[in-house]
Amino acid sequence: MEHHDTSRRFIIEDSPIRGEWTLLDSTYKAVIAKHQYPLEIQALLGEMMAAAVMLSSTLKFEGLLIIQARGTDMLKLATVECTHDKGLRAVAQWDGDVSGKDFRGLLTDANLVITIAPEDGQRYQGIIPLERDTLAGCLEDYFERSEQLKTRIWLAEGDEKAAGLLVQFMPYSSEVNKSQEALDEDWNRVTMLADTLTTEEHLGIDPETLLRRLFHEEDVRLLAHDEVRFYCSCSKERFAESLATVPKEEILSIIEEQGSIETQCQFCNQKYHFDAVDIHTIYDPAIPHNPTQQQ
Ligand SMILES: [Zn+2]
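Criteria and thresholds
- Residues numbered from 1 in each chain as written.
- Predicted model: local features only at pLDDT ≥ 70, side-chain atom pairs only at ≥ 80, totals over all residues.
- Heavy atoms only, no water.
- Core = buried A, V, L, I, M, F, W, Y, C linked by side-chain atoms within 4.5 Å.
- Buried < 20%, exposed > 50% of the residue type's maximum accessible area, 1.4 Å probe, protein only.
- Helix = DSSP H or I, 4+ residues; strand = E, 2+ residues; numbered from the N terminus.
- Contact = heavy atoms within 4.5 Å.
- Pairing = 2+ DSSP bridges.
- Salt bridge = Lys/Arg side-chain N within 4 Å of Asp/Glu carboxyl O.

**Q** Please clarify how the nonpolar core should be interpreted in this entry.
**A** Generally speaking, nonpolar side chains in soluble globular proteins are found buried as a group. Membership of the largest hydrophobic core comes to 65 residues, with the highest contact counts inside it found for Leu24, Leu65, Ile67 and Leu107. No other element matches the 12 residues that helix α2 (residues 39-59) contributes to this core. Not counting residues within four places of it along the chain, the set of residues in contact with Leu107 comprises Leu44, Ala69, Leu75, Leu112 and Leu130. Grouped together as the second largest cluster of nonpolar side chains are 24 residues, Ile17, Trp187, Leu197 and Leu210 included.

Now the structure itself:
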């Protein structure tokens, strides 16, 4: 299959409906290879990843989109970050036995938050209501309430792949000159067709074929597609910034004991080492530190 890891926009011609289709294969595999996740956690991350890609396309901004679940019971953390050019990373932390737990079961006491962090401008955070049994359902509620946009979302995960389909009703699309009744009919017809989508089709068929098959009586126009890839933004500098929040003496005493401090990126497992010279540079960047002169 050729179309691994793409996200594709489409519109249904002569209707107010636009959509987004995502299939994650190598990107999803890269994420779940980093840690030993139970299948239940893996499924949650897969769905969150497909959702994050589609949402970042739909919301159109330059920056980072984060979907994050935080809890205290079973699921401590599940977080997915997607850049506007579709660099994706994700990680989860959990405690205890999660076997047999579905979305609802995993998130019993968790909050689900969406963060939009534009490169320039104000950070926005929105709470995703957890009143439905699936992530797709909760995100539909979110769009309905926060964006006043009628939205349907289908998410699938399995066989180390994750996929998403989103359709949205654009109330102000000026090119469509139809009665409200006809517009509603378009929406009902398209969402009913999409409801026939099976997990096997969703995970196994390329976007062109799938969209033509699903909406074979509609005039589907495929628009631009984005390549999606695993991307981790960690660096020694970023870890240095977070170390700098701990008192310098505390850090130096650990280094005295252990020789160096090792930090590891939870997203990509990359390790970074800091020795005494690094620490002096972090806390007093203006002063050049030469280890031989410090003796
Ligand atoms: Zn990393």
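**Q** What's the story with the pairing of strand β5 (residues 87-94) in this structure? I'm lost.
**A** In terms of residue burial, β5 counts as a mostly covered element, since six of its eight residues are buried. Pairing of strand β4 (residues 75-83) with β5, which is carried by seven bridges, proceeds in the antiparallel orientation. Note that in β5 the partner of Ala78 across the bridge is Ala92. What sits between the antiparallel neighbours β4 and β5 is a turn of three residues, in which Lys86 has the positive phi angle 65°. Looking at chain direction, β5 and strand β11 (residues 229-230) are connected through two bridges and run parallel.

**Q** Sorry if this is basic, but what is going on with the pattern of salt bridges here?
**A** Oppositely charged side chains can form a pair if their charged atoms are brought close together. Counted under the stated rule, the structure contains 21 salt bridges. Two residues, Asp14 and Lys178, come together in a salt bridge whose shortest N-O distance is 3.9 Å. Separated by 164 residues along the polypeptide, Asp14 in the loop between β1 (6-12) and β2 (17-24) and Lys178 in the loop between β9 (161-169) and α5 (180-194) bring together distant segments of the chain. Taking relative accessible area as the criterion, Lys178 reaches 29% and is therefore assigned partly exposed. One salt bridge in this structure joins Lys150 and Asp184, with 3.9 Å as the shortest N-O distance. Placement of the pair is Lys150 in the loop between α4 (135-147) and β8 (151-158) and Asp184 in helix α5, with a sequence separation of 34 residues. By relative accessible area, which is 31% here, Lys150 ends up partly exposed. Judged by its relative accessible area of 28%, Asp184 falls in the partly exposed class. Taken together, the shared-partner salt bridges in this structure form one network comprising Asp14, Lys178, Asp186, Arg189 and Glu218.

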